[in-house]
Amino acid sequence: MAYAITQTCCTDATCVTVCPVNCIHPTPEERAFGSTEMLYIDPRACIDCGACADACPVDAVLPVDGLTGGQREYADINAAHFGLPATMSRAEAETPEDSGTAGPGPNLHPWGGPAFDRVLPADFRPLRVAIVGTGPAGMYAAEDLLLHTRSEVTLVDRLPVAGGLVRYGVAPDHPATKKIGDAFARFHTHPRVRVHLGLDVGAGVTAGELAAHHDAVIYAVGAAADRRLGIPGEDLPGSLPATTFVAWSNAHPEVAPDAVALPAGRAVVVGSGNVALDAARLLASDPDSLAGTAIAGHAWEELRRGEVREVVLLGRRGPEHAAYTGPELLALRHLPGVDLLVDDHDARVGAAIDAAGPGDKAGLLRGVAREAVDWSLAPGAAARRRRIVFRFLSSPVEIRGDDTVRAVRATGGAGEQEIPAGLVLRAVGHRGVPPAGLPFDEETGTVPHERGRVSGRPGTYVVGWIKRGPSGGIGANRACAAETVGTLLADAVAGVLPAPSGGPRAFRRLARRRRR
């Protein structure tokens, strides 16, 4: 009974570090790591020990024999990554080399020597490091410092609840993904950690005050702004960022319960990434199916009241270039009570789907119904079920309405078409916001740095999206944090960190006075 990695894979490679036979790929040492949508288990080498399943922070690793429903596809997906036929078992896939007749079996896999590349000398005094932001990037940095050094860590977050995007940016119906927050939370009570919530660096304390009480400061503040469409009508009531919608569904303290009013009919989501799919899935789901999730009470009540029947996903590129990941699309195909439809308004859309290979992104839409949608018909007029419509090669040019959103005028096919809708969510990317007191590159939306070291600011570092831009999921922050922490420790050993003028007690008193 081999294991398989499924939809919720966060790619942080915890499973790789515990696998005794090196059957999970790509590993962090391999070139493909970070460029695949998930990690994969080789069924030829898996020895069914279950170590990866025990270590996975998001419950993504499951026995193949236990896969049910839409998860069954992942047995084939894992096998296909290694060029194996979909239904081939491990025994059938064994080669003479694998079976031991011509060489060692997988349980004798040779491992390289241990490497300790992020440590301080044994006689080095403990560092005091502040980390601004308690999302994945900040917590991976904290984990690295706590596990590899004797550092004392101060966690600072402007919100009253820790977690960052794991808490407020992951859709509430993805409980497995949110579980990685439990892995991070164990460090909140670590004896060398102090947590200050509701403390805004910039408004509560200055960057200078924070630096004056610590040897180093790591900023893990993410990319807090949304990219705009830049079209007329974008600021009408009923037009808002998809991230605001997801935060609203998670009871974000800075998003009012009445911030979202849902229409009875059609909603349009502009974008084709995972955030767009998250928003579409929440809007189209039967509210009763969300009752047992982490959805906020006010959001659940509004979803019941609004009765959205159809969600249109506008993507300016073709299906072969969609930004969502394959696992998220597969999950959408198995959404109960919801039909998927591809708007066949442009012949290139269908041609791209038909020409796609079995492992290509566009190929996942093969078998999904295609038709040219008549937008003059009311949503759901032809069927009682809810539906999600993919409209590729189409961009919004205007959002129309008087006091609220009434329709979206979009390109596509022979010309422009007007799509009646009562809600428009934009999911076209994030953008960094200048952190108070730090340099900022307006073009990239990031803080200029060298391997995490902020340019011209000794003792100041960045990690996560504010460092590299809004790309990569949760697991990408592990390697990003390792690089930044490595740079910080090298600077400490070189003696270039500024000496703090204040101590930890003084900072705790300051934080108590300044936090919200």
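Residues numbered from 1 in each chain as written. Predicted model: local features only at pLDDT ≥ 70, side-chain atom pairs only at ≥ 80, totals over all residues. Heavy atoms only, no water.

1. Topic: a positive patch on the surface
Item 1. Residues R505, R509, R512, R513 and R515 make up a contiguous surface patch of positive charge.
Item 2. Within the fold, R509 resides in helix α18 (residues 504–514). (Patch = residues over 30% accessible without salt bridge, like charges linked within 9 Å, V, L, I, M, F, W, Y side chains within 5 Å. Areas by Shrake-Rupley, 256 points an atom, 1.4 Å probe, with all protein chains shown as cover. Salt bridge = Lys/Arg side-chain N within 4 Å of Asp/Glu carboxyl O. Lys, Arg positive; Asp, Glu negative; His and termini not counted. Charge placed at Lys NZ, Arg CZ, Asp CG, Glu CD. Helix = DSSP H or I, 4+ residues; strand = E, 2+ residues; numbered from the N terminus.)

2. Some details on the environment of D343
Item 1. On the secondary structure map, D343 appears in strand β13 (residues 338–343).
Item 2. Residue class for D343 comes out buried when judged on its relative accessible area of 0%.
Item 3. With 94 residues separating them in the primary sequence, D343 and G437 have C-alpha atoms 48 Å apart.
Item 4. Setting aside chain neighbours within four positions, we find D343 in contact with E371, A372, V373, W375, V389, F390 and R391.
Item 5. At 2.6 Å, the side chain of D343 forms a polar contact with the side chain of R391. (Buried < 20%, exposed > 50% of the residue type's maximum accessible area, 1.4 Å probe, protein only. Contact = heavy atoms within 4.5 Å. Polar contact = N/O pair within 3.5 Å; in protein donor to acceptor, adjacent residues only side chain to side chain.)

3. Section: the environment of W375
Item 1. In this fold, W375 is placed in the loop between β14 (369–371) and β15 (386–391).
Item 2. A relative accessible area of 5% places W375 in the buried class.
Item 3. Measuring from C-alpha to C-alpha, the distance between W375 and D339 comes to 17 Å, with 36 residues separating the pair along the chain.
Item 4. For W375, the residues in contact, after removing those within four places along its chain, are R266, E310, V312, D343, V389, R391, Q417, E418, I419 and P420.

4. Quick look at the nonpolar core
Item 1. Core analysis: the biggest nonpolar cluster contains 105 residues, and I24, F245, L283, I388 and F390 have the highest contact counts within it.
Item 2. Judged by nonpolar contacts, the second largest core, of 19 residues, contains V201, A207, V217 and A511. (Core = buried A, V, L, I, M, F, W, Y, C linked by side-chain atoms within 4.5 Å.)

5. Looking at the pattern of salt bridges
Item 1. Under the criterion given, the structure shown has 36 salt bridges.
Item 2. Salt-bridge contacts for R281 lead to E328; the nearest nitrogen and oxygen are separated by 3.7 Å. Of this pair, R281 sits in helix α12 (residues 274–284) while E328 sits in helix α14 (residues 326–333), and the two are 47 residues apart along the sequence. E328 carries the same exposure label as R281, and that label is buried.
Item 3. Across the salt bridge formed by R409 and E416, the nearest N and O atoms sit 2.0 Å from each other.
Item 4. The network of salt bridges with common partners includes E398, R400, R406, R409, E416 and E418.

6. A closer look at α18
Item 1. Along α18, the residues that are buried comprise F507, L510 and A511. Buried residues of α18 fall within an arc of 100 degrees about the axis and therefore sit on the same side. Exposed residues lying more than 90 degrees from the buried face of α18 are R505 and R513.
Item 2. If you follow the buried residues of α18, they end up packed against β6 (152–157), β7 (193–197) and α10 (207–212). (Arc of directions from axis to C-beta.)

7. Section: the confidence of the model for the protein chain
Item 1. Scored by pLDDT, the protein chain has a mean of 91; 94% of the residues are at 70 or more.
Item 2. Contacts for the low-pLDDT stretch residues 93–104, under 50 throughout, to residues beyond four places or in other chains number 13 contacts. (pLDDT = per-residue confidence, 0-100.)

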